[in-house]
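Structural description and commentary
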Amino acid sequence: MIKRCIRMSKRKKLFLSSIMCSLILGVSACPVSAETIETFNLDEMVVESSRNHKTPLPGGFNNDSSRVGLLGETEVIKAPFTVQSITEDTVSKMAMPNQDLDTVLSNVPAIRTGTSPIKTDFSIRGIATNASAYLVNNIPGFYIMATGPITNTVGSIDAMIGPAATLNGSTQSFQAGGMSGATPGAIYLNTKRAGEDDFIKYTQTFGGHGDYGEYIDISQRFGKDRNVGVRIYGQYDDGGLAISGAGQRKKNLFANISYEGETTKSNLFGGYYDQKLMGTERRFALDKSAVKFPDAPDASKSFDDPNLMHQDTNGYIITLNHQKKLDEHVNWFVNAGMNQSVVRRFIYNSEFMIDENGNVMGSGAYPWSDHIYIQNQYLQTGLKGDFMTGMAKHNVAVSVDRSHRKYYKTGKNRKDLGTTGNIYTGLIFKPGLLGADESNKLKKNFNHEETDVTLNIMDKIELGKLTLVGAVARRHGDYVGKTSQIKDDNWAPTYGVSYAPTDKLSVYAAQAVARNRGSFVDPDGGNALNANEYLDAQKLKNTEFGIKAKPNENLSMSLAYFDMTQPNTLKTYSTTDPTKYWLSNNGKNRFKGVDFSIDAKLADKWNTFGGFEWLNAKQEVTTDKKFEGLPTHGSVKWSGVWGLEYKPDEDTSFTSRLSYTGTGKFVHSQTARVLDIPSHVTLDLFASHKTNVNGVPVKFIAACYNVANDSHWIAQTGQPNKFMLNNPRSFMLSAEFEF
């Protein structure tokens, strides 16, 4: 029994060994001199300077500082939380402009990506979330599961993991669902801004399945001191995807205008987007009769009709960040934004329900015409300053924010047009599918409106080698649904402490309690004995201990232990009438584990990044006791990523990235049967080269995702019975011309 518990698969050994060998053999002994990089020692700001370039960590894949909510820009080694800041160069190299951001988010060991192109799901430390966890220039709430960010607008990415996620201000309950608590992380997207150099860039991209793209990127500075920056970028992309018959069409145009004066900094970003996806269905569920997990089908296959089924999205985004220096110690700041998203789609209403032989069960997956209309507004204003009390320096921020959303949704099912057949031998589409799409005819239908107002207070105290962080958010929510209204007030505290005996080492601990809105108990036809009772907002308790080290200029590492308690609904049945029950929020899932990350310069021309996560995710308190002690849905015990770069010269780079996902746990929601989703390793390759063609600077980039063209299932964290088919091998070429 003991041997079976500690035995590793050959694949896992190979993956972990490759990471450790590159570290032990290459880092500490290599006599590489650190490059001299100009840095700016500025106070922590809410509005970032477009000229304040972050300093990269060893290897150049991640930055040495990250945005940490109201704490502002903070050195990674000093932050008492897990944070990772992905450089703009890494984003441009690994997330090609016609790809989704999950192609670069997978560089964060605590994040697992992998979903259908029409979805934005991912997980953080084993807890499910989606694009609603993104903030654009500090503005939350723009995206949902069906709509995600615009890749060609994104510069750098700051990932806040664990307790740090509570330092963001208002969090709409729609982000995680009213009954699932708050999310365990926040992803800050920093839009591209004008730098020191003026340029005009034109880029062409080509994908191996007939996808062509054209992009413009113009950056100019104006004014006596060149303190006004304007950057304009746009995209037109049209063509096929690696999935057979699938395609996409993307159009957008955005502008970013920044101003930097002696006492004022402002940034205005905005634009319009319009995109269409066709034939990208990858969602599956397993019938309760299955006693083994089916083999994955050919990942290049399409599982809907790409000529008929689609998802169309259009809208606009506007953000404003402003900061005014009132005196040497006090700044006033404003973060504001608004957006509108319109989604019209004709997709399957739910997953393909299959048995272990790949047969589509029942009446099949049926089509669904759907129309979503969303409007969001956000405003945050406050003061940020510093003062001394004895030997302690206080960095204080006080703000009030208001987040408002109107959400409309209309759908129409066609259960008579279910797609049947077998995922290996072929699907059977009914003729009536042609002409069944009514998404363009659907009108707006009110779903809900939500207004959240939050008071945020934060104090970071620096006392010699000790740093203390205390923050609290007082949230007032007003949620109006079709038939009910919920008003709630709750507190969300965050605590952190960091001790740095030297500037190259720190140990820390942090804890936060994140809360969402409360709810009323549904009568359930008279079965709920506490019908209409108000249940307080669920609390996601998040605890973390860690150590960060930067022993020399060639190596940076972090190790964190985390423990999260996620509540969920619990039915306690009556002993006299087994059909009656009391509903509460006393159910519990527990997520404990370890994150490790590393950035290193191995030798003069060799760089690496990577890390791994070990996760122990269990269902501890459940309605049906047979689930207690079982893994949480879709959890994976071991996962990791390792990247290796070879730079023969300053103009050329070759990068490989190896991603490992261990055996996933599929827990059937009816039978409690636990099946293994096989582990998989994915290799991605990237190359870039700068040159001149007839005196014109040109940058070539090539990317190949899933080099081995492996087909495998992806466990869907926190989503009972669901799993996903991966995307097949795809490659992209781009040529960027600078004028």
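Residues numbered from 1 in each chain as written. Predicted model: local features only at pLDDT ≥ 70, side-chain atom pairs only at ≥ 80, totals over all residues. Heavy atoms only, no water.

1. Concerning the overall build of the protein
Rule in force here: Secondary structure follows DSSP: runs of H or I at least 4 residues long count as helices, runs of E at least 2 residues long count as strands, and numbering of each begins at the N terminus. We take the radius of gyration over the C-alpha atoms and set the globule estimate at 2.2 Å times the residue count to the 0.38 power. A 1.4 Å probe rolled over the protein chains alone gives each residue an accessible area, and that area as a share of the maximum for its type sets the label: buried under 20%, exposed over 50%, partly exposed in between. In this description, contact between two residues means that some pair of their heavy atoms is separated by no more than 4.5 Å. The charged-residue count follows a simple rule in which Lys and Arg add positive charge and Asp and Glu add negative charge, with His and chain termini not counted at all. A single reference atom marks each charge: NZ on Lys, CZ on Arg, CG on Asp, CD on Glu.
Helix and strand counts for the protein stand at 4 helices and 43 strands. Computed over the C-alpha atoms, the radius of gyration of the protein is 25 Å, within 12% of the 27 Å expected from 2.2 N^0.38 for a compact globule of 739 residues. Dimensions along the principal axes, computed over C-alpha positions, put the protein at roughly 70 × 65 × 60 Å. For the protein, the residues scored as buried account for 57% of the 739 residues in total. Considering only intrachain contacts with a sequence separation of at least 6, the fraction spanning at least 24 residues in the protein is 68%. Across the protein, the mean location of the 81 positive side-chain charges is 5 Å away from that of the 77 negative side-chain charges.

2. Brief notes about the packing of aromatic side chains
By convention here, two paired aromatic rings are described through the distance between centres and the angle between planes. For clarity, the threshold we go by: Any two rings among Phe, Tyr and Trp, with Trp reduced to its six-membered ring, count as a pair given centres within 6.5 Å; such a pair is stacked if its planes are under 30 degrees apart, edge-to-face if over 60, and tilted if neither. Comment: the charge-over-ring label is applied if NZ (Lys) or CZ (Arg) is within 6 Å of the ring centre and within 35 degrees of the ring normal.
Following the criterion strictly, the structure yields 24 aromatic pairs and no others. Taken together, a centroid distance of 5.3 Å and an interplanar angle of 5° make the contact between Phe254 and Phe269 stacked. Of this pair, Phe254 sits in strand 15 (residues 247-260) while Phe269 sits in strand 16 (residues 264-278), and the two are 15 residues apart along the sequence. Both rings, one in Phe686 and one in Tyr705, keep their centres 5.7 Å apart while their planes meet at 75°; by these two values the pair is edge-to-face. Taken together, the residues Phe686 in strand 39 (residues 680-693) and Tyr705 in strand 40 (residues 696-705) connect sequence positions 19 residues apart. We classify Tyr705 as buried; its relative accessible area is 7%. Here a set of aromatic residues connected by ring pairs shows up, and it is made of Phe284, Phe293, Phe303, Tyr348, Phe352, Phe666, Trp713 and Phe723. One cation-aromatic arrangement involves Lys444 over Tyr408; the distance from NZ or CZ to the ring centre is 4.6 Å.

3. Some points on the sheet that holds strand 11 (residues 185-191)
Condition: Any two strands between which DSSP finds at least two bridges are classified as paired.
Read across the open sheet, the 6 strands follow the order 1-4-10-11-8-9; overall the sheet is mixed. Single-partner strands in this sheet number two, and they are strand 1 (62-63) and strand 9 (139-140).

4. Describing the sheet that holds strand 6 (residues 122-124)
If you trace the 3 strands from one edge of the open sheet to the other, you get 5-6-7, paired in antiparallel fashion. The sheet terminates laterally at strand 5 (111-112) and strand 7 (127-129), the two strands that pair on one side only. Both strand 6 and strand 7 contribute to a ladder of 3 bridges, which runs antiparallel. Residue pairing for strand 7: Ser123 is matched across the bridge by Ala128.

5. A few points about a nonpolar patch on the surface
For clarity, the cut-off: Patches in this entry comprise residues that are over 30% relatively accessible and not in a salt bridge; like charges within 9 Å are linked, as are nonpolar side chains (Val, Leu, Ile, Met, Phe, Trp, Tyr) within 5 Å. Values of accessible area rely on a 1.4 Å probe in the Shrake-Rupley scheme; residue burial ignores everything except the protein chains shown. A pairing counts as a salt bridge when a side-chain nitrogen of Lys or Arg comes within 4 Å of a carboxyl oxygen of Asp or Glu.
A contiguous nonpolar surface patch, about 750 Å² in accessible area, is contributed by Met391, Leu463, Leu466, Leu468, Val497, Tyr499, Val507, Ile547 and Leu559. Breaking the nonpolar patch down by element, the ones donating at least two residues are strand 26 (466-480) and strand 27 (485-502). On the secondary structure map, Val497 appears in strand 27. With relative accessibility at 32%, the residue Val497 sits in the partly exposed group.

6. Observations regarding unusual backbone geometry
The phi torsion at Arg226 lies on the positive side, around 50°, for a residue other than glycine. Backbone geometry places Asn709, a non-glycine residue, at a positive phi of 55°. When you line up the elements, Asn709 lands in the loop between strand 40 and strand 41 (713-715). On the basis of relative accessibility, which here comes to 32%, the residue Asn709 falls in the partly exposed class.

7. Points about the nonpolar core
Which entries qualify depends on this criterion: Side-chain atoms within 4.5 Å link the members of a nonpolar core, which is a set of buried Ala, Val, Leu, Ile, Met, Phe, Trp, Tyr and Cys residues.
Within the largest apolar cluster, 41 residues are counted, with the highest numbers of intra-cluster contacts made by Leu101, Ile111, Tyr134, Ile157, Ile187 and Leu189. For this core, the secondary-structure elements that each account for two or more residues are helix 3 (88-94), helix 4 (102-105), strand 6, strand 8 (134-136), strand 10 (154-161), strand 11, strand 16 and strand 40. At 4 residues, the largest contribution of residues to this core is made by strand 10. Here Ile187 is in contact with Leu105, Ile111, Phe122, Ala133, Tyr134, Leu135, Ile157, Asp158 and Ala159, once residues within four sequence places are set aside. Formed by 25 residues, the second largest nonpolar core is a distinct cluster that contains Phe303, Ile354, Phe666 and Ile677.

8. Things to note about the pairing of strand 25 (residues 446-463)
Across 16 bridges, the pairing between strand 22 (residues 392-413) and strand 25 is antiparallel. Within strand 25, the position partnered with Ala397 by the bridge is Met458. Alignment of strand 25 against strand 26, held across 15 bridges, turns out to be antiparallel. Residue pairing across strands places Ile461 opposite Leu468, the latter belonging to strand 26. Counting the residues in the hairpin turn of strand 25 and strand 26 gives 2 residues, including Gly464, whose phi is positive at 65°.

9. Quick look at a negative patch on the surface
Side chains of Asp604, Asp649, Glu650 and Asp651 sit close together on the surface and give a patch of like negative charge. You can see Glu650 is positioned in the loop between strand 35 (638-649) and strand 36 (652-661). A relative accessible area of 62% means that Glu650 is categorised as exposed.

10. Re the pairing of strand 31 (residues 539-552)
Each regular strand shows side chains that alternate between the opposite faces of the sheet. Judged from the 11 bridges that link them, strand 28 (residues 505-515) and strand 31 form a sheet pairing that is antiparallel. The residue bridging Ala509 from the neighbouring strand is Phe545, located in strand 31. In this sheet, strand 32 (residues 555-573) lies alongside strand 31 in antiparallel orientation, the contact comprising 10 bridges. Within strand 32, the residue paired with Thr543 across the bridge is Asp563. Hairpin remark: strand 31 followed by strand 32, antiparallel, with 2 residues in the connecting loop.

11. Examining the pattern of salt bridges
A complete count under the given rule lists 32 salt bridges for this structure. The shortest N-O distance in the salt bridge between Asp89 and Lys699 comes to 3.9 Å. Of the two residues, Asp89 sits in helix 3 while Lys699 sits in strand 40, which places them 610 residues apart along the sequence. Residue Asp89 is classed as partly exposed on the basis of its relative accessible area, which comes to 40%. Given the relative accessible area of 16%, Lys699 is considered buried. A salt bridge links Arg125 to Asp595, with the nearest nitrogen and oxygen atoms 2.7 Å apart. Note that Arg125 is positioned in the loop between strand 6 and strand 7 and Asp595 in strand 33 (residues 581-603), a separation of 470 residues in sequence. Of the two residues examined, Arg125 and Asp595, each falls in the buried class. If you follow the salt bridges from partner to partner, you end up with Asp89, Lys93, Glu645 and Lys699 in one network.

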